[in-house]
Amino acid sequence: IDKHGSVYFNKLQQRQLATSVALIGQALGYMMLCYAASAQEAIIYISCAVVCKTFCSGGWEASHNDIAPSASGTTYGISNTVATLPSVILGPLVAFILENGGNWCTLYKLIGVLGLLGAFIYHSWIDTF
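None of these values were measured; they are calculated from a predicted model.

A closer look at the state of the cysteines
- Per the counting criterion, the structure on display carries one disulfide.
- Here Cys34 connects covalently by a disulfide to Cys105, the sulfurs 2.3 Å from one another. Of note, the bridge from Cys34 to Cys105 carries an S-S torsion of about 125° and is right-handed in sense. A residue pair is termed long-range when its members are at least 10 positions apart, and Cys34 in the loop between helix H1 (11-32) and helix H2 (39-53) and Cys105 in helix H5 (residues 104-125) qualify at 71 residues.

Right under this line is the structure:
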């Protein structure tokens, strides 16, 4: 805190805060979909989750330039490729769950729990790098 009362964060703290908002905000937004009483309320929850996702840009996504400044495009491309793999796997998994008695609420809660788990893992490891 400076003499004017402004709070300043170092780079690590900024990235931690942005990533926390992204991971936890998305998780809570998806979990709240189960409790939406109307389509409008569901749109609000999903919109909040998507807005929280944008905080990744100031969080872990910005780290590529810190890790390998001269090859940040390559590291970002590799991480995007790896991040696409769950999409390939989850399509058939969602179909399997829905066809065998599951419902969308179960899936949204699962997504939320995985998001919270991701936030926990992120916070467990972030100070070690």
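Overview of a nonpolar patch on the surface
- Taken together, the side chains of Leu110, Leu114, Leu117, Phe120, Ile121 and Trp125 define a hydrophobic patch exposed on the protein surface, amounting to about 640 Å² of accessible area.
- Its place among the elements puts Trp125 in helix H5.

Points about the side chain of Ser20
- Positionally, Ser20 belongs in helix H1.
- Excluding residues within four positions of it along the chain, Ser20 makes contact with Gly25 and His123.

Some thoughts on the packing of H1 against H2
- In contact at an axis separation of 8 Å, H1 and H2 are set at 165° when each is read in the N-to-C sense. When the interaxial angle is binned, H1 and H2 end up roughly antiparallel. As for the relative orientation of H1 and H2, their crossing is left-handed in sense. Across from Val21, Ala22, Gly25, Gln26, Gly29, Tyr30 and Met32 in H1, the residues of H2 making contact are Tyr45, Ile46, Ala49, Cys52 and Lys53.
- Counted by class, the contact of H1 with H2 contains eight nonpolar, three polar and one charged residues.

So, the confidence of the model for the protein chain
- Of all residues in the protein chain, 90% have pLDDT values of 70 or greater, and the mean over the chain is 84.
- The secondary structure element of the protein chain with the lowest average pLDDT is helix H3 (residues 63-67), at 75, and the one with the highest is H2, at 93.

Topic: the packing of H1 against H5
- The interhelical angle for the contact between H1 and H5, taken along N-to-C directions, is 165°, at an axis separation of 7 Å. Classified by the angle between their axes, H1 and H5 sit roughly antiparallel to one another. Crossing of H1 over H5 shows left-handed handedness. Side by side, H1 and H5 meet where Arg15, Gln16, Thr19, Ser20, Leu23, Ile24, Ala27, Tyr30 and Met31 of the first sit next to Tyr108, Lys109, Ile111, Gly112, Val113, Gly115, Leu116, Gly118, Ala119, Tyr122 and His123 of the second.

Calculation rules
Residues numbered from 1 in each chain as written. Predicted model: local features only at pLDDT ≥ 70, side-chain atom pairs only at ≥ 80, totals over all residues. Heavy atoms only, no water. Disulfide = S-S within 2.5 Å. Helix = DSSP H or I, 4+ residues; strand = E, 2+ residues; numbered from the N terminus. Patch = residues over 30% accessible without salt bridge, like charges linked within 9 Å, V, L, I, M, F, W, Y side chains within 5 Å. Areas by Shrake-Rupley, 256 points an atom, 1.4 Å probe, with all protein chains shown as cover. Salt bridge = Lys/Arg side-chain N within 4 Å of Asp/Glu carboxyl O. Contact = heavy atoms within 4.5 Å. Axes fitted to C-alpha atoms, helices over the stretch in contact; angles between N-to-C directions. Parallel < 35°, antiparallel > 145°, perpendicular 65-115°, else oblique. Left-handed = near helix turned anticlockwise from the far one by under 90°. Nonpolar A, V, L, I, M, F, W, Y, C, P; charged D, E, K, R; others polar. pLDDT = per-residue confidence, 0-100.

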